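Remarks on the overall topology
Next come the chains, spelled out residue by residue.
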Amino acid sequence: MVSISAHAQPIPPQSIPVPKAAPKGRDAAPDGQRGAMTTGATQVPNPVIPDPHRNVPLSIFATFDDKQKAQAAKISTYLSSLQTLIGNFVQVGPDGTKTKGQFFIQKPGKVRFEYEAPNPIAIVADGSMVAVRDRNLATQDLYPLSQTPLRYLLSDRIDLMKDTNVVSVTADDLFISVTIEEHQLLTGTSRLMLMVGAKDGQLKQWTVTDPQGYDTTVAVYNLDTSRKIDPGMFKIDMTEHTFPPG
């Protein structure tokens, strides 16, 4: 995972919940070999780093055949079927730094990301707002959930082809990938690429591309959809907050 310095700038909302350090040059990208992306309790996945020079077509030119539509529908059905999800994650930031942690999802709209020490960050979404907490600095920055692309993962029900701006649907022997693009008037264009297993249909990872073109990838494993989650994990203390400038 990416360590966050004590002087880090506020996290762009497009990148939540994937905080990151200042990016290095693209030549410093980490290894992109495809590791075993299983949900076994003893196997940590090796995140698949997207090609930084990939060219996703503009949606106005994008057309999808029946197979691609069916693949997107498969992911939509899977995401809509999830109500709770607990698991571990490995995050790779733009500078290649890896961090690990645990996440908790309670749909609709609630998520908690806890990063392993020494990373001081915890991220909580309560259904409407996202709080980025820094335990070392005792700070909390708030963002509207509607400004984060991962809100699609937290929707109670979703049809990717109807509810989002899908610009790419691809598949190979390992993954089915759907890329969503969205335009924010003030911040620019960001993308979210969701990847599920081609065989088991389970969520494997996602990549957020910020308006500057830098990627943050999160691979998930040890997924559990049966455990109950304490609702208190998603509470945000609104009396202790700061708002990012602008």
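Residues numbered from 1 in each chain as written. Predicted model: local features only at pLDDT ≥ 70, side-chain atom pairs only at ≥ 80, totals over all residues. Heavy atoms only, no water.

**Structural notes on the overall build of the protein**
Operational definition: Working definition: helices are DSSP H or I runs of at least four residues, strands are E runs of at least two. Numbering for both runs from the N terminus. A 1.4 Å probe rolled over the protein chains alone gives each residue an accessible area, and that area as a share of the maximum for its type sets the label: buried under 20%, exposed over 50%, partly exposed in between. Contacts between residues were defined by any pair of non-hydrogen atoms, one from each residue, lying within 4.5 Å. Accessible areas in this description were obtained via Shrake-Rupley with a 1.4 Å probe; residue shielding takes into account the shown protein chains only.
Of the regular secondary structure elements, the protein holds two helices and eleven strands. Listing every helix and strand of the protein by position from the N terminus yields α-β-β-β-β-β-β-α-β-β-β-β-β. Burial statistics for the protein: of 246 residues in total, 49% are counted as buried. Taking contacts inside the protein between residues at least 6 apart in sequence as the whole, the part at least 24 apart equals 57%. Put simply, the protein shows about 11,900 Å² of open surface, and 52% of that area lies on carbon and sulfur atoms.

**A few points about the pairing of strand β1 (residues 84-92)**
Applied cut-off: Should DSSP find at least two bridges between two strands, the strands are taken to pair.
Counting buried positions over the nine residues of β1 gives nine, a clear majority of the element. On β1, burial covers both faces: T84, I86, N88, V90 and V92 on one face and L85, G87, F89 and Q91 on the other are all buried. The pairing of β1 with strand β2 (residues 98-106) spans nine bridges and is antiparallel. Within β2, the position partnered with I86 by the bridge is F104. The hairpin formed by β1 and β2 contains five residues between the paired strands, and G96 there has a positive phi angle of roughly 90 degrees.

**Focus: the nonpolar core**
In plain terms, the rule: Among the buried residues, those of types Ala, Val, Leu, Ile, Met, Phe, Trp, Tyr and Cys that are joined through side-chain atoms within 4.5 Å form a nonpolar core.
If you look at the biggest cluster of nonpolar residues, it comprises 40 residues, and the most contacted ones within it are F103, F113, V178, W206 and V220. A per-element tally of this core places helix α1 (residues 66-81) first, with four residues. By size, the runner-up hydrophobic cluster in this structure holds ten residues, among which are I86, F104, V124 and M129.

**Overview of unusual backbone geometry**
What you tend to see is this: most non-glycine residues have negative phi, and most peptide bonds are trans. With an omega of 0 degrees, the peptide bond between K107 and P108 qualifies as cis. Structurally, the position occupied by P108 is in the loop between β2 and β3 (110-115). Of note in the backbone geometry, A138 takes a positive phi value of approximately 55 degrees without being a glycine. Following the sequence through the fold, A138 ends up in the loop between β5 (129-134) and β6 (139-144). Classification of A138 by relative accessible area gives exposed; the value is 70%. With a phi close to 55 degrees, N222 is a non-glycine residue in the positive phi region. We classify N222 as partly exposed; its relative accessible area is 22%.

**Points about α1**
Think of an α-helix as turning once every 3.6 residues; residues three or four places apart then point the same way. We count it as follows: Here a helix's expected span is defined as the number of its residues, less one, multiplied by 1.5 Å.
Taking 1.5 Å of rise per residue, 16 residues should cover 22 Å, and α1 covers 22 Å from first to last C-alpha, within 8% of that figure. Inspection of α1 places Q68, Q71, A72, I75, S76, Y78, L79 and S80 among the buried residues, and these make up the whole buried set. Check the buried side of α1 and you find it contacts α2 (160-163), β7 (166-171), β8 (175-184), β9 (188-197), β10 (203-209) and β11 (215-224).

**Some thoughts on the confidence of the model for the protein**
Filter applied, for reference: Residue-level confidence of the predictor is summarised by pLDDT, bounded by 0 at the bottom and 100 at the top.
Per-residue confidence for the protein gives a mean pLDDT of 82; residues scoring 70 or more make up 76%. Throughout residues 1-41 the model reports pLDDT below 50, and contacts reaching past four residues in sequence, or to other chains, amount to 123 contacts.

**Section: the environment of P211**
Structurally, the position occupied by P211 is in the loop between β10 and β11. Taking the C-alpha atoms as reference points, P211 and T189, 22 residues apart in sequence, are found 4.9 Å from one another.

**Section: the side chain of S80**
Under the convention used in this document: Two N or O atoms count as a polar contact when they lie within 3.5 Å, although within protein this holds only if one can serve as hydrogen donor and the other as acceptor, and sequence-adjacent residues are included solely when both atoms are side-chain atoms.
Of note, S80 is situated in helix α1. Under the relative-accessibility criterion, S80 is labelled buried at 11%. Separated by 2.9 Å, the side chain of S80 and the backbone oxygen of S76 make a polar contact.

**Structural notes on the packing of aromatic side chains**
Just so we agree on the cut-off: Pairs were defined over the aromatic rings of Phe, Tyr and Trp, the Trp ring being its six-membered one, requiring ring centres within 6.5 Å. Orientation was assigned from the angle between planes: stacked under 30 degrees, edge-to-face over 60, tilted for the rest.
All told, the structure shown has four aromatic pairs when counted by the stated rule. A ring pair is formed by F89 and Y115, whose centres lie 5.2 Å apart and whose planes are at 75 degrees; its orientation type is edge-to-face. One end of the pair, F89, is in strand β1; the other, Y115, is in strand β3, with 26 residues separating them in the sequence. One exposure class covers both F89 and Y115, and it is buried. Aromatic side chains F113 and W206 sit 6.2 Å apart centroid to centroid with 90 degrees between the ring planes, which places their arrangement in the edge-to-face category. With F113 in strand β3 and W206 in strand β10, the pair connects residues that are 93 residues apart, well separated along the chain.

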